[in-house]
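Overview (structure and organization)
One-letter residues, chain by chain:
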Amino acid sequence: MATLTVNRAALGGFSFENCKRNALLEGEANKVGCSLPSARKTGTTICGVVFKDGVILGADTRATEGMVVADKNCSKIHYISPNIYCCGAGTAADTEMTTQIISSNLELHSLSTGRLPRVATANRMLKQMLFRYQGYIGAALVLGGVDCNGPHLYSIYPHGSTDKLPYVTMGSGSLAAMAVFEDRYKPDMEEEAAKQLVRDAIAAGIFNDLGSGSNIDLCVITKGKVDYLRPHDEANKKGVRTGDYKYKRGTTGYSLLITHRRHDVFISSMEMMSEVTCVL
Amino acid sequence: MLLNLLDTRGLRSQLKDSVPVAGLCPHGAYGVQDSLRSGFSSVKNELLPSHSLELSEKNFQLNKDKMNFSTLRNIQGLHAPLKLQMEYRAARQIQRLPFLQSSNLALDTLRGSDEAIGFDDILNDPAQSEMMGEPHMMVEYKLGML
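These numbers were taken from a predicted model, which means no experiment stands behind them.

1. Remarks on the overall build of chain A
Broken down by element type, chain A carries 5 helices and 13 strands. By residue count, 40% of the 280 residues in chain A fall in the buried class. When contacts within chain A are restricted to residue pairs at least 6 apart in sequence, long-range pairs at least 24 apart make up 60% of them.

Below is the structure:
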């Protein structure tokens, strides 16, 4: 009689059943020379800055799958709560699911406390979840919002460490964006100056990093108001074709009559028929 | 392992900190090694966990409870974790038959997980699993008749 597993515990969450099989398949595939498909990443430039009245978050809009652009206009600024937004870099699915889970948790929490959620709460929830999975969830996040204590900006790394700073950048284009911030950041900027600074930082990432591109999205969060500007600036417009086989609008169509001209045929050489003499 | 009604041991002994002994229960169906999916059987394969997170995830809830109870004991004294653990055991006894999925509403409320969502609510929902335990076997096991 076959042994039946009576003790199977019904647990939800991640299941590691296929890990050994995947490792085996990857080994086999590498022997043959091909490689397994890679996850879609958002090789990205994301950044945030605290200004006088609130927080501005900025992001580019390119998602890559290996060496190919998978999405030319993806949205990297995710909603967490009405006063808190989060930009995500790293594996696209991980950032998407993590921010959605934290958004649900924060909503339940705020319903239970009866208050507007705080940025520090979202930060703590994200940090504890990412540390639990020891960096296997590849999500690098820039979390910003305005709550009862003022504007706050955090950067959260995939292994679970966080930093609370006045300006942060993440992603593959983070060095280019940070260079712009280090040069021109001043505390307590006005909104327009801060928007221009963030736009320039993301543009630096877009033009100097292959993993970032397309448009610039901005999210301006102030007390009581959120401006989600998508797109704020189209830095990379797709080229316009110079020639076109289509007729322009407004062309009048008419049918053509084609007449054949008959040419006279000139005989240039003639074969003389030789006289036939009959001999009797 | 299903938490037994008669389990009188503490939390520490319930920790699963090792994977079962090699050679005794291969992972394939019918008790034979499934070469297509898990490769050839080897001692190393069966002794080591297949992913570094596997053990820590299996024990996560238990470790969290242990940490919370010890903090509570340090703050409020021994009576607080004792009372809570008594309530947990009472709530764990309100279950359906072993092969049916129960909602664990009382246990969730005590733990506070009715106000939280995690990956274990979204991925691999046990209520939607495709395999079910054999009813007669599971009831006999629970009653100790097997």
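Still more ground to cover, so stick around.
2. Focus on helix 3 (residues 119-132) of chain A
Side chains three or four residues apart in an α-helix point the same way, a direct result of the helix having 3.6 residues per turn. Under the 1.5 Å per step criterion, the end-to-end length of helix 3 of chain A is 20 Å for 14 residues, consistent within 8% with the ideal 20 Å. What helix 3 of chain A keeps buried is the set Val119, Ala122, Asn123, Leu126, Met129 and Leu130 of chain A. When helix 3 of chain A is viewed along its axis, its buried side chains cluster within an angular range of 140° and face the same direction. Residues of helix 3 of chain A that are exposed and point over 90 degrees away from its buried face: Gln128 and Phe131 of chain A. Next to the buried residues of helix 3 of chain A lie strand 7 (84-91), helix 2 (92-113), strand 8 (139-147), strand 9 (150-156) and strand 10 (162-164) of chain A together with helix 7 (119-122) of chain B.

3. Examining the state of the cysteines
Here, disulfide denotes a covalent bond that connects the sulfur atoms of two cysteines. All names here are of chain A. This structure, assessed with the given rule, holds 0 disulfides over all chains. Its sulfur unpaired, Cys87 is 6.6 Å from the next cysteine sulfur, which belongs to Cys86. Looking at Cys219, it has no disulfide partner, and the nearest cysteine sulfur is the one in Cys87, 7.6 Å off. On the basis of relative accessible area, Cys219 is assigned to the buried category, the value being 0%.

4. Side note on helix 2 of chain A
All names here are of chain A. Over its 22 residues, helix 2 extends 31 Å from the first C-alpha to the last, a length consistent with the 32 Å expected when each residue adds 1.5 Å. Taken together, the buried positions of helix 2 are occupied by Ala92, Thr95, Thr98, Thr99, Ile101, Ile102, Ser103, Asn105, Leu106 and Ser110. In the segment just after helix 2, Gly114 is the residue with positive phi, at about 80°.

5. Concerning the UniProt feature "active site" (unreviewed entry) in chain A
Residue and element names in this part refer to chain A. Mapped onto this numbering, the UniProt entry gives "active site" (unreviewed entry) at Thr44. Within the fold, Thr44 resides in the loop between strand 1 (41-42) and strand 2 (46-50). In contact with Thr44, not counting residues within four places along its chain, are Asp60, Arg62, Lys76, Ala89, Met170, Gly171, Ser172, Gly173, Asp209, Gly211 and Ser212. Side chain to side chain, Thr44 and Lys76 meet in a polar contact 2.6 Å long.

6. Let's talk about the pairing of strand 5 (residues 68-71) of chain A
Residues and elements named next belong to chain A. One ladder, built from 3 bridges, connects strand 4 (residues 63-65) with strand 5; its direction is antiparallel. Residue pairing across strands places Thr64 opposite Val69, the latter belonging to strand 5. Between strand 4 and strand 5, which follow one another and run antiparallel, lie 2 residues, and Gly66 among them has a positive phi close to 75°.

7. Let's talk about a nonpolar patch on the surface
A cluster of nonpolar side chains, Phe14 and Met97 of chain A together with Ile117, Ile122 and Leu123 of chain B, forms an exposed patch at the surface whose accessible area comes to about 360 Å². Within the fold, Ile122 of chain B resides in helix 7. For Ile122 of chain B, a relative accessible area of 41% translates into the label partly exposed.

8. As for the packing of aromatic side chains
A full pass over the atoms with the stated rule returns 8 aromatic pairs over all chains. Summarising the aromatic geometry, the rings of Tyr167 of chain A and Phe181 of chain A are spaced 5.7 Å apart at their centres and angled 65° between planes, so their arrangement reads as edge-to-face. With a gap of 14 residues between them, Tyr167 of chain A in strand 11 (residues 167-170) and Phe181 of chain A in helix 4 (residues 174-184) connect regions that are remote in the sequence. Every member of this aromatic cluster is reached through a ring pair, and the members are Phe14 and Tyr133 of chain A together with Phe119 of chain B. The aromatic ring of Phe60 of chain B is capped on one face by Arg132 of chain A, whose charged end is 3.6 Å from the ring centroid. Between Lys164 of chain A and the ring centre of Tyr154 of chain A, over which it is positioned, the NZ or CZ distance is 5.7 Å.

9. Topic: the packing of helix 2 of chain A against helix 3 of chain A
All names here are of chain A. It is at 10 Å that the axes of helix 2 and helix 3 come closest, and there the two elements cross at 130°. As the angle between them shows, helix 2 and helix 3 are arranged oblique. Here helix 2 and helix 3 pass one another in a crossing that is right-handed. Here Thr98, Ile101, Ile102, Asn105, Leu106 and His109 of helix 2 lie close against helix 3, whose contacting residues are Thr121, Ala122, Met125, Leu126 and Met129. Here the contact of helix 2 with helix 3 is composed, by residue class, of 7 nonpolar, 4 polar and no charged.

10. Quick notes on the pairing of strand 12 (residues 216-222) of chain A
Regular strands place their side chains on alternate faces of the sheet. Residues and elements named next belong to chain A. Burial analysis of strand 12 places 7 of its 7 residues in the buried class, which makes it a mostly covered element. With 7 bridges joining them, strand 3 (residues 54-60) and strand 12 adopt antiparallel strand pairing. Counted as the bridge partner of Leu57 is Cys219 from strand 12. When strand 12 meets strand 13 (residues 225-233), the two strands line up antiparallel, connected through 6 bridges. Following the sheet pairing, Ile221 is matched in strand 13 by Val226. Following strand 12, the chain reverses through 2 residues before pairing antiparallel with strand 13; Gly224 in that reversal takes a positive phi of roughly 90°.

The rules behind the values
One numbering rule holds for all chains: residues counted from 1, following each sequence as written. Chain labels run from A onward and ligand labels from 1 onward, assigned in the order the entries are written. The predicted nature of this model means local features are confined to residues of pLDDT at least 70 and side-chain atom pairs, given and counted, to a pLDDT of 80 or more, with totals for whole chains, interfaces and linings taken over all residues. Excluded from the side-chain calculation are hydrogens and water; included are all heavy atoms of the structure. In this description a helix means any DSSP run of H or I spanning at least four residues, a strand means any run of E spanning at least two, and both kinds are numbered starting from the N terminus. Relative accessibility decides the category of a residue: with a 1.4 Å probe and only protein chains considered, values under 20% of the type maximum give buried, values over 50% give exposed, and everything between is partly exposed. Residue contacts follow a heavy-atom distance rule, with two residues in contact if any of their heavy atoms lie within 4.5 Å. Working rule for helices: expected span equals 1.5 Å times residues minus one. What the arc covers is the set of directions going from the helix axis to the C-beta atoms. Note on disulfides: each one is a pair of cysteine sulfur atoms within 2.5 Å. UniProt positions are given in the numbering used here, feature names are shortened, and annotations may be inferred rather than shown by experiment. Side-chain atoms alone can form a polar contact between residues adjacent in sequence; in general such a contact is a pair of N or O atoms within 3.5 Å, and within protein one must be able to donate a hydrogen while the other accepts it. The rule for pairing is simple: two strands pair if DSSP sees at least two bridges between them. Residues enter a patch when their relative accessible area is above 30% and they make no salt bridge; the linking distance is 9 Å between like charges and 5 Å between nonpolar side chains (Val, Leu, Ile, Met, Phe, Trp, Tyr). Shrake-Rupley sampling with a 1.4 Å probe provides the accessible areas, and residues are treated as covered by the protein chains on show and by no other component. Each salt bridge in this description consists of a side-chain nitrogen of Lys or Arg and a carboxyl oxygen of Asp or Glu lying within 4 Å of one another. Here a pair means two rings of Phe, Tyr or Trp (six-membered ring of Trp) with centres within 6.5 Å. Their orientation is stacked below 30 degrees between planes, edge-to-face above 60, and tilted elsewhere. Ring-over charges, as used throughout, are those where CZ of Arg or NZ of Lys falls within 6 Å of the ring centre and within 35 degrees of the ring normal. The axes used here are C-alpha line fits, helices contributing only the stretch in contact, and every angle between their N-to-C directions lies in the interval 0 to 180 degrees. Oblique is the label for any angle not covered by the other classes, which are roughly parallel (under 35 degrees), roughly antiparallel (over 145) and roughly perpendicular (65 to 115). Rotating anticlockwise by less than a right angle from the far helix to the near helix defines a left-handed crossing, while the corresponding clockwise rotation defines a right-handed one. Amino acid classes used here: Ala, Val, Leu, Ile, Met, Phe, Trp, Tyr, Cys and Pro are nonpolar; Asp, Glu, Lys and Arg are charged; the rest, including Gly, are polar.

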